[in-house]
Amino acid sequence: MNKMASTVAQAVAEIPDGAQVMIGGFGGSGAPIELIHALIDRFRATGSPANLTVINNNAGNGFTGIAAMIKAGMVQKMICSFPRSSNADAFNTRYLAGEIELELVPQGTLAERIRAAGAGIPAFFTPSSYGTDLAKGKPVEEFDGKMYVRERWLKADFALLKGQLGDPVGNLTYRLAGRNFNPLMAMAATKTIAQVSELGEAGSIDPEAVITPGIFVDTVVQVKDPQQEEMLVRAGVIY
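Reading the values: rules and limits
Residues numbered from 1 in each chain as written. Predicted model: local features only at pLDDT ≥ 70, side-chain atom pairs only at ≥ 80, totals over all residues. Heavy atoms only, no water. 1 Å grid on protein atoms, 1.4 Å probe; cavity = no way out; pocket = protein on both sides within 12 Å on 5 of 7 lines; lining within 4 Å. Points joined across faces, edges and corners; volume = space filled by probe spheres on them. Helix = DSSP H or I, 4+ residues; strand = E, 2+ residues; numbered from the N terminus. Nonpolar A, V, L, I, M, F, W, Y, C, P; charged D, E, K, R; others polar. Pairing = 2+ DSSP bridges. Axes fitted to C-alpha atoms, helices over the stretch in contact; angles between N-to-C directions. Expected span 1.5 Å × (residues − 1). Buried < 20%, exposed > 50% of the residue type's maximum accessible area, 1.4 Å probe, protein only. Phe/Tyr/Trp six-rings, centres within 6.5 Å; stacked < 30°, edge-to-face > 60°. Parallel < 35°, antiparallel > 145°, perpendicular 65-115°, else oblique. Left-handed = near helix turned anticlockwise from the far one by under 90°. Contact = heavy atoms within 4.5 Å. Salt bridge = Lys/Arg side-chain N within 4 Å of Asp/Glu carboxyl O. Core = buried A, V, L, I, M, F, W, Y, C linked by side-chain atoms within 4.5 Å. Right-handed = clockwise from strand over helix to strand, strands pointing away.

Novice: I'm lost on the layout of surface pockets in this one. Help?
Specialist: In this structure, the largest pocket occupies an estimated 230 Å³ of space. The wall of the largest pocket is formed by 14 residues, among which Gly-30, Lys-162, Gln-164, Arg-175 and Gln-228 lie closest to the centre. Per-element accounting of the lining of the largest pocket gives the leading share, 3 residues, to strand β8 (residues 156-166).

Rendered as structure tokens:
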């Protein structure tokens, strides 16, 4: 039952070319920077993993985290709600050059598509995007006089998460807003990899405090002093 990895490099070693990868975070809050950078290090050393589909709320900022993945050429497609941010040069450059695909999803729909996958619900109806380009080609139906768009669940091969407190069997808690997409993604991926700032013994976390139960987590790695994306961007760090 011990799910601990000794390093972040070991934690992400199984992610292959062409994988669909969910990455937690709302901007920099709850973003697993160390796991992302370990994946970039592996790509630079071996050329793999490449042609990834990345699912996140946005397409990165500056040149760290997801933005650094895009700049490195690892990402074939982004599925997100906010590709444009205060400093989205990495995504903008590749998108305008036709080097990366974009699937734009309203934020509430993105969260619900991920939640639906974790709950085993293959599709649902939402009024969001009806009558817009985002709804083109999708089934629509009327309920109580209002039109709704059918959206499919959104699954992934891997999820990369950032928790606050974890244990060797994979139970996780989150710090404040760092909770965001992380718990949903843990349930929607075939394999879930989590970095945690604090590590307790199995059974040390009050069951009432557990947000993500260990059944949804496959690998845990401790990162005692995780970096914060916003601070890296302000410092002008280029990873």
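Novice: Help me out: how do you make sense of empty space enclosed by the protein in this one?
Specialist: Any empty space left between atoms is shown by rolling a water-sized probe over those atoms. This structure, assessed with the given rule, holds 1 cavity of 30 Å³ or more. Roughly 60 Å³ of volume is contained in the largest cavity. Lining the largest cavity are Gly-24, Gly-25, Gly-27, Ala-31, Ile-36, Asn-56, Asn-58, Gly-60, Ile-66 and Glu-229. When the residues that make up the lining of the largest cavity are grouped by side-chain class, the tally is 3 nonpolar, 6 polar and 1 charged.

Novice: Whenever I open this one, the sheet that holds strand β5 (residues 123-126) confuses me. Can you help?
Specialist: Reading across from one edge, β5-β7-β6 is the order of the 3 strands in this open sheet, with antiparallel pairing throughout. The strands lining the two open edges of the sheet, one partner per strand, are β5 and β6 (140-143). Strand after strand, the sheet turns through a mean of 40 degrees between neighbouring axes, direction not considered.

Novice: Honestly, helix α2 (residues 33-46) in this entry has me stumped. Any pointers?
Specialist: The periodicity of an α-helix, 3.6 residues per turn, causes residues three or four places apart in sequence to face the same way. Between its first and last C-alpha atoms α2 spans 20 Å; for 14 residues at 1.5 Å apiece the expected length is 20 Å, and the two agree. For α2, every residue scored as buried is listed here: Ile-33, Glu-34, Leu-35, Ile-36, His-37, Ala-38, Leu-39, Ile-40 and Phe-43. Immediately beyond the C-terminal end of α2, within one or two residues, lies Gly-47, with a positive phi of roughly 80 degrees.

Novice: So what exactly am I meant to see when it comes to the packing of aromatic side chains here?
Specialist: Ring pairs (aromatic) are described by centroid distance and by the angle formed between their planes. Enumeration over the complete set of coordinates arrives at 3 aromatic pairs. Aromatic pair Phe-91 and Tyr-95: ring centres 5.4 Å apart, planes at 20 degrees, arrangement stacked. Of the two residues, Phe-91 and Tyr-95 are both situated in helix α4 (residues 89-96); the distance of 4 residues between them amounts to about one turn of the helix. Since its relative accessible area comes to 2%, Phe-91 is described here as buried. Given the relative accessible area of 40%, Tyr-95 is considered partly exposed.

Novice: It is not clear to me how the packing of helix α3 (residues 65-72) against α4 should be interpreted in this structure. Could you clarify?
Specialist: Working note: a packed helix pair is described by the angle between its axes plus the distance between those axes. The contact between α3 and α4 brings their axes to 8 Å, and the two run at 30 degrees. Judged on the interaxial angle alone, α4 and α3 are roughly parallel. α4 is crossed by α3, and the crossing has left-handed handedness. When α3 is examined against α4, the residues Ala-67, Ile-70, Lys-71 and Ala-72 are found in contact with a partner set consisting of Ala-90, Phe-91 and Arg-94. When the residues that make up the contact of α3 with α4 are grouped by side-chain class, the tally is 5 nonpolar, no polar and 2 charged.

Novice: I'm lost on the pattern of salt bridges in this one. Help?
Specialist: Where charged atoms from two side chains of opposite charge come close, those side chains can pair. For the structure shown, the criterion picks out 7 salt bridges. As a salt-bridge pair, Glu-14 and Lys-191 come within 2.6 Å of each other at their nearest N and O atoms. Placement of the pair is Glu-14 in the loop between α1 (8-11) and β1 (20-23) and Lys-191 in strand β10 (residues 189-199), with a sequence separation of 177 residues. Exposure remark for Glu-14: the relative accessible area of 52% places this residue in the exposed category.

Novice: Can you help me understand the nonpolar core in this one?
Specialist: If you look at soluble globular proteins, the nonpolar side chains tend to sit buried side by side. If you look at the biggest cluster of nonpolar residues, it comprises 33 residues, and the most contacted ones within it are Ile-15, Leu-52, Met-69, Ile-70, Met-78 and Leu-160. Contributions of two or more residues to this core are made by β1, α2, β2 (52-55), α3, β3 (75-80), α4 and β8. The contacts of Ile-15, once residues within four sequence positions are left out, are Val-21, Leu-39, Arg-42, Pro-49, Leu-52, Phe-158, Leu-160 and Ile-193. With 22 residues, the next largest nonpolar core counts Ile-55, Leu-110, Ile-114 and Val-220 among its residues.

Novice: Can you walk me through the pairing of β1 in this structure?
Specialist: Residues in a regular strand point their side chains to alternate faces of the sheet. For β1 and β2, the ladder comprises 3 bridges, and the chain directions are parallel. Considered in β2, the bridge of Val-21 is made with Val-54. Between the parallel pair β1 and β2, the chain is carried across by α2, and the sense of this crossover is right-handed. Two strands pair when backbone bridges link them, and β1 and β8 are joined in this way by 3 bridges, in the parallel orientation. Counterpart to Met-22 in the pairing with β8 is Ala-159.

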